[in-house]
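Geometric and topological summary
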Amino acid sequence: MRSMPFGGSYVPETPSQTAGPYVHIGLIPKQAGFDIFENNFGGDIAGPRVPGERITIKGRVFDGAGLATRDVLVETWQANAAGRYNHSADRQQGALDKSFRGWARTGTDFATGVYTIRTIKPGAVIGRKGRKRMAPHINFWIASRGINIGLATRMYFADEEAANAADPVLNIIEQPERRKTLIAPRSERDGNVTYTFDIYLQGERETVFFDA
Amino acid sequence: MSRPSLPKASAAPTVLHGAGQERGQKTGNAEGRRGGRHADEVRRSTVDAEFHQRDRNIHPPAHTPVYKTSVLRSPRIPLWSLQNSLSEVTGPIFSPDELGPDDHDLLHNYATDGEPIGEQIIVHGYVLDGNGKPISGTLVEVWQANAGGRYRHRNDTYIAAIDPNFGGCGRMITDENGHYFFRTIKPGAYPFRNHVNSWRPAHIHFSVFGTAFVQRLITQMYFEGDPLIAHDSIIATIPDKTAVDRLVARLDLNAALPLECLAYRFDIVLRGTRQTLFENKLQGS
């Protein structure tokens, strides 16, 4: 066993500060209204050769007065269709697809408040300590003006009813009503699959946020 | 491969149970127990990669009336504590070839006919984890106002002029020692709608990733000696004043370029994992 660095003391985390109203400049400059980087990170993340069902996720982020916010940064992190994360800590046997990073970034639209992510539906991922599988889900992280520290939540898929019912994370949420805040309904139109995932920052339908 | 157990008095908080949160959670499931050698490895690797509990006392709480916008944008129900699974201990990795050669040079990455107006500075520092270990190869993104305190953003209508040669954003990937640096101009202070006469001290926004999505952090860096720091409503959301001090970059004369520009030092610490407690390290293996 190695001794702790710095004589056994831990180094405290840097405190968070709000991303502010101009988060777009740094992270999604095209939405701020200008071109600067040649390569931009975005919300359309599955190339044509990535295996998996193509899905679109759309939603809004509501504040406590019921207003759809129009300046929120939305990031997602997910496994591939085989349920494997593109990361060295994932030692599962499912096929790794190096062309699919699994991370998306976008913002709620300045006019409509809607965010849009185009990706593939992830597979089920093994649970903590190798226990039972978690239902397919996408990890969300949002930041904005008025949000002092980024908020983490998960989106689950309404058509995965059996897997959701057995999901070890959904099941630790004490109130069944609150679990529903994480489940996105599915709709199909002209062969395009859309999941709608609205996030409520506070109020009667407040989304479950995690401290993981 | 047996792992030593944590010493009894270890400061490492290993369990995040909140009252009533274990309900319905089993302590050992057949799938994991039965899965054989590979399942054992998966189990061990996720446990090794777990992160120390986030110390919420050093961060601003969600609801901080001193910063008015937070009032309607703050969850009122406590966050649900969640033990780390693969979904938490993994996160996006970026490679240097995704960035352009001038992405970290805010003096030149947008300029077309000359340099931006203002005091040129270097900002540099290390990205570390909570064990003091450098985090190499991680993406650091920055954005800021120009020397007059104006952002290049369609929603910013402050009276200061837009600088045609300044975009106000940059990005870089930490080197093998966790070091990052960029050149820019010192941003100006500006007023914002909070109280009738609220001003933001000069600051640079930082976005950092680490190696796992639970390390994700956005923060702001301030400048040593700025008198507005004591009056800022957004800094005031942080209850721990020693934590505020860690957001203030120090003048670093050793890194300044003589007859050219000053330098500021700003180190960023992300959450640490438990894995560094053990010789059986996961990173890079």
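Above this text you will find the structure in question.
Here we summarise the structure given alongside this text. (Residues numbered from 1 in each chain as written. Chains lettered and ligands numbered in written order. Predicted model: local features only at pLDDT ≥ 70, side-chain atom pairs only at ≥ 80, totals over all residues. Heavy atoms only, no water.)

Turning our eyes to something else, we now look at the layout of surface pockets. Space inside the largest pocket adds up to approximately 820 Å³. Considering the residues around the largest pocket, the lining is formed by 34 residues, among which Pro-21, Tyr-22 and Arg-145 of chain A together with Phe-192 and Arg-193 of chain B are closest to the centre. Where the lining of the largest pocket is concerned, the elements lending two or more residues are β6 (190-192), β7 (198-200) and β8 (203-208) of chain B. By residue number, the principal contributor to the lining of the largest pocket is β6 of chain B, which donates three residues. (1 Å grid on protein atoms, 1.4 Å probe; cavity = no way out; pocket = protein on both sides within 12 Å on 5 of 7 lines; lining within 4 Å. Points joined across faces, edges and corners; volume = space filled by probe spheres on them. Helix = DSSP H or I, 4+ residues; strand = E, 2+ residues; numbered from the N terminus.)

Okay, the side chain of Asp-90 of chain A next. Along the chain, Asp-90 of chain A falls in the loop between β2 (73-77) and β3 (103-107). In this structure the side chain of Asp-90 of chain A is engaged in a polar contact, spanning 2.9 Å, whose partner is the backbone nitrogen of Gln-92 of chain A. When neighbours within four sequence positions are excluded, Asp-90 of chain A is seen to be in contact with Gly-83, Arg-84 and Tyr-85 of chain A together with Leu-86 and Thr-90 of chain B. (Polar contact = N/O pair within 3.5 Å; in protein donor to acceptor, adjacent residues only side chain to side chain. Contact = heavy atoms within 4.5 Å.)

The subject of this paragraph is the nonpolar core. If you look at the biggest cluster of nonpolar residues, it comprises 54 residues, and the most contacted ones within it are Ile-25, Leu-73 and Phe-210 of chain A together with Trp-143 and Ile-218 of chain B. Where this core is concerned, the elements lending two or more residues are α1 (23-27), β2 and β5 (137-143) of chain A together with α3 (86-89), β3 (139-144) and β4 (169-173) of chain B. Ranked by residue count, the leading element in this core is α1 of chain A, at three residues. Among residues more than four places away in sequence, those in contact with Leu-73 of chain A are Val-23, Leu-27, Ile-28, Arg-105, Thr-106, Gly-107, Trp-141, Ile-142 and Ala-143 of chain A together with Ile-218 of chain B. With 37 residues, the next largest nonpolar core counts Val-127, Phe-192, Leu-217 and Phe-266 of chain B among its residues. (Core = buried A, V, L, I, M, F, W, Y, C linked by side-chain atoms within 4.5 Å. Buried < 20%, exposed > 50% of the residue type's maximum accessible area, 1.4 Å probe, protein only.)

Taken together, the contact between chain A and chain B spans 90 residues of the former and 114 residues of the latter. Here chain A packs against chain B, burying approximately 9400 Å² in sum over the two surfaces, 58% of which is carbon and sulfur. One salt bridge connects Arg-101 of chain A with Glu-98 of chain B, and the closest N-O pair in it is separated by 2.8 Å. In this structure, the connection of chain A to chain B is made through 47 residue pairs in polar contact (both at pLDDT 80 or more). (Buried area = accessible area lost by both parts, 1.4 Å probe. Salt bridge = Lys/Arg side-chain N within 4 Å of Asp/Glu carboxyl O.)

Here the focus is the environment of Ala-145 of chain B. Residue and element names in this part refer to chain B. One can find Ala-145 in the loop between β3 and β4. Each C-alpha atom, one on Ala-145 and one on Ile-185, is 9.3 Å from the other, the two residues being 40 residues apart in sequence. Beyond its immediate sequence surroundings of up to four residues, Ala-145 is in contact with Arg-150, Tyr-151, Phe-166, Ile-185, Pro-187 and Tyr-190.

Looking now at the pairing of strand β6 (residues 151-157) of chain A. Residues and elements named next belong to chain A. With respect to burial, β6 is a largely interior element, six of its seven residues being buried. Looking at chain direction, β5 and β6 are connected through six bridges and run antiparallel. The residue of β6 that forms the bridge with Ile-138 is Met-155. Here β6 pairs with strand β7 (residues 183-184) via two bridges, running parallel. Bridge pairing links Tyr-156 to Ile-183 in β7. (Pairing = 2+ DSSP bridges.)

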